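Inside the fold
What follows is the residue order along each chain.
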Amino acid sequence: MKYKVAFVCVGNSCRSQMAEGFARKYAGDMLDVYSAGTDPSPEVKPNAVKAMKEKEIDISDQYPKLLEEIPSELDVLITMGCGVECPYIPCKFREDWGLDDPAGQPMAVFRETREIIDEKVKNLIKKIRNGEI
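This write-up is about the structure you can find in this document. Only a predicted model underlies this, so the values are computations on that prediction, with no experimental measurement involved.

**Remarks on the packing of aromatic side chains**
What the rule picks out here adds up to two aromatic pairs. Aromatic side chains phenylalanine 7 and tryptophan 97 sit 5.8 Å apart centroid to centroid with 50 degrees between the ring planes, which places their arrangement in the tilted category. Of this pair, phenylalanine 7 sits in strand E1 (residues 3–9) while tryptophan 97 sits in the loop between strand E4 (93–96) and helix H3 (107–129), and the two are 90 residues apart along the sequence. Assigned by exposure class, phenylalanine 7 and tryptophan 97 land together as buried. Measuring from ring centre to ring centre gives 5.7 Å for phenylalanine 22 and tyrosine 26, while their planes differ by 20 degrees; the resulting arrangement is stacked. On the criterion of helical spacing, the pair formed by phenylalanine 22 and tyrosine 26 is a turn pair, its members being four residues apart in helix H1 (residues 15–27). A residue is classified by how much of its surface remains accessible, and phenylalanine 22, at 0% relative accessible area, is buried.

Below, the structure is given as structure tokens:
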């Protein structure tokens, strides 16, 4: 049975979308991966798509979603540091990654954020595989 993992922020246009892309690539065989926002943007930011493409991960078909569009119960809920309290979503493990939103920033900031998310997703997957979650 796959773990249900969701990455949540406000706009669901940058950080959570990148995390979804990494998690699908690294552990799509063991995770059902979702992302959503409390107030979704109209689109995934082009620089987020570009930053992920540089890592050979295509998120161009992903789109911002409402919380209601993801499962109502999860195994893992990761918030991105949006400064907003997510509504209660039942989960076994919850963590806030405290990441600044790169929207509106230069491409270099998207790349920095991408690298942090990449490492955090790898660590999360390691914890799940080791039975720590």
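**Re the nonpolar core**
Counting residues in each nonpolar core, the largest one holds 33 residues, and the members touching the most others are Phe7, Leu31, Trp97, Val121 and Leu124. Residue assignment for this core shows that the elements contributing at least two residues are E1, H1, strand E2 (31–37), helix H2 (46–53), strand E3 (76–79) and H3. If one sorts the elements of this core by residue count, H3 sits on top with seven residues. Those residues in contact with tryptophan 97 that lie beyond four places of it in its chain are Phe7, Ala19, Ile78, Thr79, Met80, Ile117, Lys120, Val121 and Leu124. With eight residues, the next largest nonpolar core counts Ala6, Leu67, Ile70 and Leu74 among its residues.

**Describing the environment of serine 13**
For serine 13, the location among the structural elements is in the loop between E1 and H1. Taking the relative accessible area as the measure of exposure, serine 13 reaches 4% and is therefore buried. C-alpha of serine 13 to C-alpha of proline 64: the two residues are 51 residues apart in sequence and 5.9 Å apart in space. When near neighbours in sequence (up to four residues on either side) are disregarded, serine 13 contacts Ser41, Glu43, Val44, Lys45 and Ala48.

**Things to note about H2**
Residues spaced three or four apart along an α-helix face the same direction, because each turn holds 3.6 residues. Here H2 has its buried residues at Ala48, Val49, Ala51 and Met52. Down the axis, H2 shows its buried residues gathered within 165 degrees of arc, on one side only. Among the exposed residues of H2, those oriented more than 90 degrees off its buried face are Pro46 and Lys53. Summarising the contacts, the buried residues of H2 are in contact with H1 and H3.

**Focus: H3**
Taking 1.5 Å of rise per residue, the 23 residues of H3 would be expected to cover 33 Å, and the 33 Å separating its terminal C-alpha atoms lies within 8% of that figure. All of the buried residues in H3 are Met107, Phe110, Thr113, Arg114, Ile117, Asp118, Val121, Leu124, Ile125 and Ile128. In this structure, the buried side of H3 is in contact with E1, H1, E2, H2, E3 and E4. Taken from the residues just after H3, glycine 131 is the one with a positive phi, measuring 75 degrees.

**Quick notes on unusual backbone geometry**
A positive phi is found at asparagine 12, a non-glycine position, where the angle reads about 50 degrees. Classification of asparagine 12 by relative accessible area gives buried; the value is 0%. Within the chain, glutamate 56 stands out as a residue other than glycine whose phi angle is a positive 60 degrees.

Scoring rules and cut-offs
Residues numbered from 1 in each chain as written. Predicted model: local features only at pLDDT ≥ 70, side-chain atom pairs only at ≥ 80, totals over all residues. Heavy atoms only, no water. Phe/Tyr/Trp six-rings, centres within 6.5 Å; stacked < 30°, edge-to-face > 60°. Helix = DSSP H or I, 4+ residues; strand = E, 2+ residues; numbered from the N terminus. Buried < 20%, exposed > 50% of the residue type's maximum accessible area, 1.4 Å probe, protein only. Core = buried A, V, L, I, M, F, W, Y, C linked by side-chain atoms within 4.5 Å. Contact = heavy atoms within 4.5 Å. Arc of directions from axis to C-beta. Expected span 1.5 Å × (residues − 1).

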